[in-house]
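Architecture at a glance
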Amino acid sequence: MERVIRRVAIVIFNEVEVLDFCGPFEVFSLAGRSKNGNGSGSNWFEVYTVAERAEPVLARNGLSVNPHYTLADCPPSEILIVPGGLGTRREMHNQVLIDWIKERAAQAELVISVCTGALLLAKAGLLDNLAATTHVGAIDLLREVAPGASIHPEKRFVDNGRVLLSGGIAAGIDLSFHVVARLLGQEIAAETARHMEYDWRPE
């Protein structure tokens, strides 16, 4: 397989759910690097975080995170990941961020939301006529902000081809493995899951 490195931009903001962004960060960062048993194999993804401003982001429960880039200087990415958390209720009304997501989504190969990141995709107009899901506690709100989407609260994740969404928190890890398997093959995804000692069960 020809090695094509894809860039993965993960949006972070105050009150972002920690596992929503750290789970996918770990999966994509380690994908294909477990061949030698020490994480030193080939790297298929360049993963970085992006926030509105060049200052620490306070994630859920006070975890302080330094973003790699700001919205203004973030390089292009083939994969855009929008996580969730209580902060999405505020960021839904942050037009600067919503416009950025809409612009970058148009340029990306894949657009992924985790948990209530789906609300931000909805606000960016990216869910019309698509299947969608989110955290079980935000299903009604997603129906409200994405009336043109088909909502599937029973699904751990949905794959629309270019736009993919997961349910809450840990479901983003399963979706990340699904994407790795789609792009690189199930063997690499399974190797990565074994390296992480994660009980991944392909759907």
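On a predicted model such as this, the values are computed, not experimentally measured, just so you know.

Okay, the environment of Ala108 next. Counting through the fold element by element, Ala108 comes out in the loop between helix 3 (95-107) and strand 7 (110-113). Sequence separation between Ala108 and Leu175 is 67 residues, and the spatial gap between their C-alpha atoms is 17 Å. Setting aside chain neighbours within four positions, we find Ala108 in contact with Ser77, Glu78, Leu80 and Arg162.

A separate point is the nonpolar core. If you look at the biggest cluster of nonpolar residues, it comprises 72 residues, and the most contacted ones within it are Phe28, Phe45, Ile101, Leu127 and Leu142. No other element matches the eight residues that helix 6 (residues 171-184) contributes to this core. Apart from the residues within four sequence positions on either side, Phe28 is in contact with Val8, Asn43, Phe45, Val47, Ile79, Ile81, Ile112, Ser176, Val179 and Val180.

Let us now look at the pattern of salt bridges. Close approach of charged atoms lets side chains of opposite charge pair. Counted under the stated rule, the structure contains 11 salt bridges. Glu109 is paired through a salt bridge with Arg6; the nearest N and O atoms lie 2.9 Å apart. A residue pair is termed long-range when its members are at least 10 positions apart, and Glu109 in the loop between helix 3 and strand 7 and Arg6 in strand 1 (residues 6-11) qualify at 103 residues. For Glu109, a relative accessible area of 33% gives the class partly exposed.

In this section: the packing of helix 1 (residues 18-30) against helix 7 (residues 186-196). Contact geometry for helix 1 and helix 7: axes closest at 9 Å, N-to-C directions at 120°. Of the possible angle classes, the one that applies to helix 1 and helix 7 is oblique. When you trace helix 1 past helix 7, the crossing you get is right-handed. Mapping the contact onto sequence places Glu26, Val27 and Leu30 in helix 1 and Thr192, His195 and Met196 in helix 7. The residue inventory of the contact of helix 1 with helix 7, partitioned by class, reads three nonpolar, two polar and one charged.

Further remarks concern helix 1. Between its first and last C-alpha, helix 1 extends 18 Å over 13 residues, near the 18 Å set by a 1.5 Å rise per residue. Of the residues flanking the end of helix 1, it is Gly32, one or two places downstream, whose phi is positive at about 80°.

By secondary structure assignment, the location of Gly137 is in the loop between strand 8 (131-132) and helix 5 (139-145). Put simply, Gly137 and Val27 are 110 residues apart on the chain and 25 Å apart in space, counted from C-alpha to C-alpha.

What follows is about the packing of helix 1 against helix 6. Two elements in contact, helix 1 and helix 6, have axes separated by 8 Å at closest approach and are oriented at 30°. With respect to helix 6, the axis of helix 1 lies roughly parallel. At the point where helix 1 passes helix 6, the crossing takes the right-handed sense. Touching Leu19, Gly23, Pro24, Val27 and Phe28 of helix 1 are Gly172, Ile173, Ser176, Phe177, Val179 and Val180, all from helix 6. A class-by-class count of the residues in the contact of helix 1 with helix 6 yields eight nonpolar, three polar and no charged.

Attention shifts here to the pairing of strand 6 (residues 79-82). A regular strand places its side chains so that they alternate between the two faces of the sheet. With burial as the criterion, each face of strand 6 is covered, one bearing Ile79 and Ile81 and the other bearing Leu80 and Val82. Pairing between strand 1 and strand 6: three bridges, direction parallel. Directly across from Val8, in strand 6, lies its bridge partner Ile79.

What follows concerns the environment of Val158. Of note, Val158 is situated in strand 10 (residues 157-159). In this structure, the C-alpha to C-alpha distance between Val158 and Thr133, residues 25 residues apart in sequence, is 6.9 Å. Discounting chain neighbours no more than four positions away, the residues touching Val158 are Ala131, Ala132, Thr133, His152, Val163, Leu164 and Leu165.

Tallied over the entire structure, the rule returns four aromatic pairs. Relative to Phe45, the ring of Phe28 has its centre 5.0 Å away and its plane inclined at 80°; by these criteria the two rings are edge-to-face. Of this pair, Phe28 sits in helix 1 while Phe45 sits in strand 2 (residues 45-51), and the two are 17 residues apart along the sequence. Neither residue differs from the other here; Phe28 and Phe45 are each classed as buried. An angle of 80° between the planes, with centres 5.1 Å apart, marks the rings of Tyr48 and Tyr69 as edge-to-face. Of this pair, Tyr48 sits in strand 2 while Tyr69 is found in strand 5 (residues 69-70), placing the two residues 21 residues apart along the sequence. Feature note: the residues Phe177, Tyr198 and Trp200 constitute an aromatic cluster, connected by ring pairs.

Thresholds, definitions, all that
- Residues numbered from 1 in each chain as written.
- Predicted model: local features only at pLDDT ≥ 70, side-chain atom pairs only at ≥ 80, totals over all residues.
- Heavy atoms only, no water.
- Helix = DSSP H or I, 4+ residues; strand = E, 2+ residues; numbered from the N terminus.
- Contact = heavy atoms within 4.5 Å.
- Core = buried A, V, L, I, M, F, W, Y, C linked by side-chain atoms within 4.5 Å.
- Buried < 20%, exposed > 50% of the residue type's maximum accessible area, 1.4 Å probe, protein only.
- Salt bridge = Lys/Arg side-chain N within 4 Å of Asp/Glu carboxyl O.
- Axes fitted to C-alpha atoms, helices over the stretch in contact; angles between N-to-C directions.
- Parallel < 35°, antiparallel > 145°, perpendicular 65-115°, else oblique.
- Left-handed = near helix turned anticlockwise from the far one by under 90°.
- Nonpolar A, V, L, I, M, F, W, Y, C, P; charged D, E, K, R; others polar.
- Expected span 1.5 Å × (residues − 1).
- Pairing = 2+ DSSP bridges.
- Phe/Tyr/Trp six-rings, centres within 6.5 Å; stacked < 30°, edge-to-face > 60°.

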